Each structure stands twice: as structure tokens, then as C-alpha cells.
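# Descriptive structure summary
Each chain, letter by letter, is given below.
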Amino acid sequence: ALLFGLCIMVSYAGEYEKILRRAQDQLFTDPVNQNPTNPAAGLFSIIGQVGTNKELYQDSNGKYQFKLVFHQNSVVVLEWKQSSWLTDPYITGFEAINIPTQTVPANDGSGRYFTGLGLNVHLCGWSLLDGTGANNNNWWNAVGVKTRWGIGGPGFNGQQSYGEDLFIYDRTCTNDHVKFNINF
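Quick look at the structure, then. These numbers were taken from a predicted model, which means no experiment stands behind them. (Residues numbered from 1 in each chain as written. Predicted model: local features only at pLDDT ≥ 70, side-chain atom pairs only at ≥ 80, totals over all residues. Heavy atoms only, no water.)

## What about the pairing of strand 2 (residues 15-22)?
For strand 2 and strand 12 (residues 163-170), the ladder comprises 7 bridges, and the chain directions are antiparallel. Paired with Lys 18 across the strands is Phe 167, a residue of strand 12. As paired elements, strand 2 and strand 3 (residues 43-45) share 3 bridges and run antiparallel to each other. Each residue of the ladder has a partner; that of Arg 22, found in strand 3, is Leu 43. (Pairing = 2+ DSSP bridges. Helix = DSSP H or I, 4+ residues; strand = E, 2+ residues; numbered from the N terminus.)

## Let's talk about the pattern of salt bridges
For the structure shown, the criterion picks out 5 salt bridges. A salt bridge links Arg 21 to Asp 165; its shortest N-O distance comes to 3.7 Å. Here Asp 165 lies in strand 12 and Arg 21 lies in strand 2, a separation of 144 residues in the sequence. On the accessibility criterion, Arg 21 (23% relative accessible area) is partly exposed. Its salt-bridge partner being Lys 81, residue Asp 59 comes within 3.1 Å of it at the nearest N-O pair. Here Asp 59, found in the loop between helix 1 (47-51) and strand 4 (64-71), pairs with Lys 81, found in strand 5 (residues 75-82); they are 22 residues apart in sequence, far enough to count as distant. (Salt bridge = Lys/Arg side-chain N within 4 Å of Asp/Glu carboxyl O. Buried < 20%, exposed > 50% of the residue type's maximum accessible area, 1.4 Å probe, protein only.)

Shown next, in the form of C-alpha cells:
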């Protein structure tokens, strides 16, 4: 018997896949891969798993599309694209899709201005990712928080964050296509 797989697109829009969640009062021990089978857990991350096949998530321009939800005094949602992968130390190719108004200065040296996510290479790894990667010693816009700062972690726009949810735009067959298997 010969088995063929066929994907037929039924929608031009993909969907976001959750790749990290940190609930209020939770701190990661392994923000690369924690509770990988339970996206509803207070701490969940599959960044390491997704990173092994990251090219599947790139658009035709080689960019990844992300959505980040910060739980602060209010819920703050950021959507953007970037060329660099999350765990690359330098953020490249940032393209805003839907970023709320930033009240912090872009070039004040604090690292509070959001320009994507990159590997936090400073501060003893207090978070896996932050909004400046290796370009700044601070850790604003922290994702995958491992060390408490104030109520949780440094969030968006110079505010503290209780928790965060990070999503990647999924262009794979399993989410925005219907898969048919044909036996011969």
C-alpha cells in the first residue's frame, strides 16, 4: 500500500500557537522547555521544541510573527515580526504590526522601548528573553521570568508584569490547512 499526504489550504490565514505562558506569581526553572504537554499550566514553554523547526514558521521574507500578552495593571497585547529567532542574542528585522503607544523614549538607554525579543544575555539569566537581547544590560519586556522583580517581572512600557503569554504565528499544515491521507 502506498500512502500519500496532501494538504489543501482552506484559509489564507494561519493562527497563533502558544509557545510560552507564565501565570501570576509563577517563576520558571526551565523557560526553554517546561510542562511542554500542558499549555494551560501556570508555567509552560515549548520555545526549545519550536526552535528545532523554526524555519517552518518563517514567512516568505524570512521573518517570524509573534504576539505577546503582558498581564500588567491591564492586559497589553503586542504583535510584531522579526528576522532573528527568539534565542538569538541580537534582535534584527523588527517590524511592528500592533504595538501600543510607548511612553518611554526610544533612545534613553534604559532598554524599556520594545523592539522585539532576544536572548537575555545579562543579569545572570533572570529571564530567558527580553526586549533588547544583547543590546542593553536591562531586562525590560521580560519573557520567561526566572527571578522576581517587584510583582513579577519587568514588562511593557516601564511597567511591572504579573505574567506573560507568548505566541508564534503558525503557517504549518496542521493549523491552517486540512490534511488528507490517500491510500493506494
